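# Fold and geometry: a report
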Amino acid sequence: MARRSAPTSQPAYLPHPSKPSRQAVENPNESAFSRFLRTEVFSPEKLPGNINVVTAVTLFVGGIAAVRTWGELMIPA
């Protein structure tokens, strides 16, 4: 059975490390679409995941194109 901590002690979990807040230059004339691209698509923290998504979509579309082009060759006559 798991040990329980004393009722007056600190929480048993590790708090999320707070990152130093980067104060990006906010352009008041920036559109919502530009802000979305900057913060979600080209953000260095999210770039590896975005590359994985683009790779998966490219492979999926390439597979569909290959089956549509050479699909009849896969059917035994």
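Now for a look at the structure at hand. Every value quoted in this text rests on a predicted model; they were computed, and no experiment measured them.

## Observations concerning the overall build of the chain
Across its full length, the chain carries two helices and zero strands. Put simply, the chain has 77 residues, and 4% of those count as buried. Total accessible area on the chain stands at roughly 7800 Å², and carbon and sulfur atoms take up 65% of it.

## What about the pattern of salt bridges?
Enumeration according to the criterion identifies two salt bridges in this entry. Of the charged contacts, one joins Glu30 and Arg38 as a salt bridge, the two residues approaching to 3.0 Å between their closest N and O atoms. For Arg38, a relative accessible area of 32% puts it in the partly exposed group. Between Glu40 and Lys46 there is a salt bridge, and its shortest N-O distance comes to 2.7 Å. Among the residues examined, Glu40 registers a relative accessible area of 32% and is labelled partly exposed.

So, how was this worked out
- Residues numbered from 1 in each chain as written.
- Predicted model: local features only at pLDDT ≥ 70, side-chain atom pairs only at ≥ 80, totals over all residues.
- Heavy atoms only, no water.
- Helix = DSSP H or I, 4+ residues; strand = E, 2+ residues; numbered from the N terminus.
- Buried < 20%, exposed > 50% of the residue type's maximum accessible area, 1.4 Å probe, protein only.
- Areas by Shrake-Rupley, 256 points an atom, 1.4 Å probe, with all protein chains shown as cover.
- Salt bridge = Lys/Arg side-chain N within 4 Å of Asp/Glu carboxyl O.

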